[in-house]
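So you can see what is in the structure, the chains are spelled out below.
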Amino acid sequence: MTGAGSNGAGEPRPSVDRRPRPVVLDCDPGHDDALAILLALARPELQVLAVTTVAGNAPLERTTRNALRVLTLLGRTDVPVASGAERPLVRAPWIPVEFHGQSGLDGADLPEPAVRPVAEDAIELTARVVREAANPVTLVPTGPLTNIALFLRAHPRLVPRIGAISLMGGSLGEGNTTAAAEFNLWSDPEAAAIVFEAGIPILMSGLDVTHQALVLPPDIARLEHVGGRTGRVFADLLRFFAVHHRQRYGWDGPPIHDAVAVARLVEPGLVMSRRLRVDVETAGELTRGRTVADPEGLSGRPPNAEVGLAIDRERFVDLLVEAVASFA
Ligand code: RIB
Ligand code: CA
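Residues numbered from 1 in each chain as written. Chains lettered and ligands numbered in written order. Predicted model: local features only at pLDDT ≥ 70, side-chain atom pairs only at ≥ 80, totals over all residues. Heavy atoms only, no water.

Trainee: What's the story with the site of ligand 1 in this structure? I'm lost.
Mentor: Neighbouring ligand 1 are the residues Asp28, Asp32, Asp33, Asn57, Thr142, Met168, Asn176, Glu182, Phe183, Asn184, His257 and Asp258. At a separation of 3.0 Å, an oxygen atom of ligand 1 approaches a polar side-chain atom of Asp33. At a separation of 3.0 Å, an oxygen atom of ligand 1 approaches a polar side-chain atom of Asn57. Taking 270 Å² as the accessible area of ligand 1 by itself, protein coverage stands at 96%. Counting residues per element, the ones that place at least two in the shell around ligand 1 are α1 (31-42), α6 (183-187) and α11 (257-266). Residue classes in the shell around ligand 1 are distributed as 2 nonpolar, 5 polar and 5 charged. (Near = heavy atom within 4 Å. Polar contact = N/O pair within 3.5 Å; in protein donor to acceptor, adjacent residues only side chain to side chain. Areas by Shrake-Rupley, 256 points an atom, 1.4 Å probe, with all protein chains shown as cover. Helix = DSSP H or I, 4+ residues; strand = E, 2+ residues; numbered from the N terminus. Nonpolar A, V, L, I, M, F, W, Y, C, P; charged D, E, K, R; others polar.)

Right under this line is the structure:
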């Protein structure tokens, strides 16, 4: 197991280049996606070039509206937003409405969007900002990987300009949608297989680590106290997000899955990981979307992912509280 700062898979490492890491957030807001957006915008180590949306926690129209609402709340309507895939490559869409509510971001008084998406779709906006970026871009998908797969297939000549993919998804242990699979990769396993086979360094934040990334009631109170309107809105979002997790898992607070994919880019050592070969099951009936690790290299295929296995939860929460406070 390695700390976040000591591997070749795109994890931050001490370097002389102090320029912020350019990132594209591809998301399906979604309560934890909203916190991932907040954290990415709050950090000087990152430059958010674009936010793209995908269907997942809610239909595409709602995940796009939610991304625009979050950016409006945070005063960052300068960040271009483009919508992408309204359904997986092959599979039928399925929405777990109990987690995020009918809107996909229930539980808080969010503003209506002050801006509209750009004219391009997610794939073309991603291609444009990648072409224009001075440095290789890190893609940060926190929903089904449909947009990422479509981008990789539509723009193969831009693949060398993608430095890493820090994704929330998968699980080496328990699933949350089936016994075998996590929602993002279960939703579009064919897209996930394309991404894991692309040869781009992957930082995988699956349920193995994100189920440790709980934000508990005292943490929510901290965030509400320091954050002004932003703090109140995100505290309300988290309290809504906590309800189903308490019913289903008995936890006192919700896992902020998606923000882990961002946090590990800005905080060396936050996530303990192991470099592994990981492939995605697409043919199995019981195992659709499962991430299969190959620690002994029996497949003969090279390691492709830094798989998150543990997190400093208290430090993770501090990062979220600091991020909310910065928007107070
Ligand atoms: O399985 C958790 C993932 O599914 C998170 O990204 C959450 O937002 C949902 O999209
Ligand atoms: Ca998500």
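Trainee: Would you mind showing me how to read the environment of His155 here?
Mentor: Along the chain, the position of His155 falls in the loop between α5 (146-154) and β5 (162-168). The exposure class assigned to His155 is buried, which follows from its relative accessible area of 14%. The spatial distance from the C-alpha of His155 to the C-alpha of Glu124 is 9.2 Å, given a sequence separation of 31 residues. Beyond its immediate stretch of four places on either side in the chain, His155 contacts Ile123, Glu124, Ala127 and Arg131. (Buried < 20%, exposed > 50% of the residue type's maximum accessible area, 1.4 Å probe, protein only. Contact = heavy atoms within 4.5 Å.)

Trainee: Just checking my understanding: could you explain the packing of helix α9 (residues 217-226) against helix α12 (residues 313-325) for this structure?
Mentor: Relative orientation and spacing of two packed helices are given, respectively, by the angle between their axes and the distance between those axes. Their axes nearest at 8 Å, the elements α9 and α12 cross at an angle of 20 degrees. One way to sum up the angle between α9 and α12 is to call them roughly parallel. Note on packing geometry: the crossing formed by α9 with α12 is right-handed. Seen from α9, the contacting residues are Asp219, Arg222, Leu223 and Val226; seen from α12, they are Arg313, Val317, Asp318, Val321, Val324 and Ala325. Looking at the contact of α9 with α12 residue by residue, the classes come out as 6 nonpolar, no polar and 4 charged. (Axes fitted to C-alpha atoms, helices over the stretch in contact; angles between N-to-C directions. Parallel < 35°, antiparallel > 145°, perpendicular 65-115°, else oblique. Left-handed = near helix turned anticlockwise from the far one by under 90°.)

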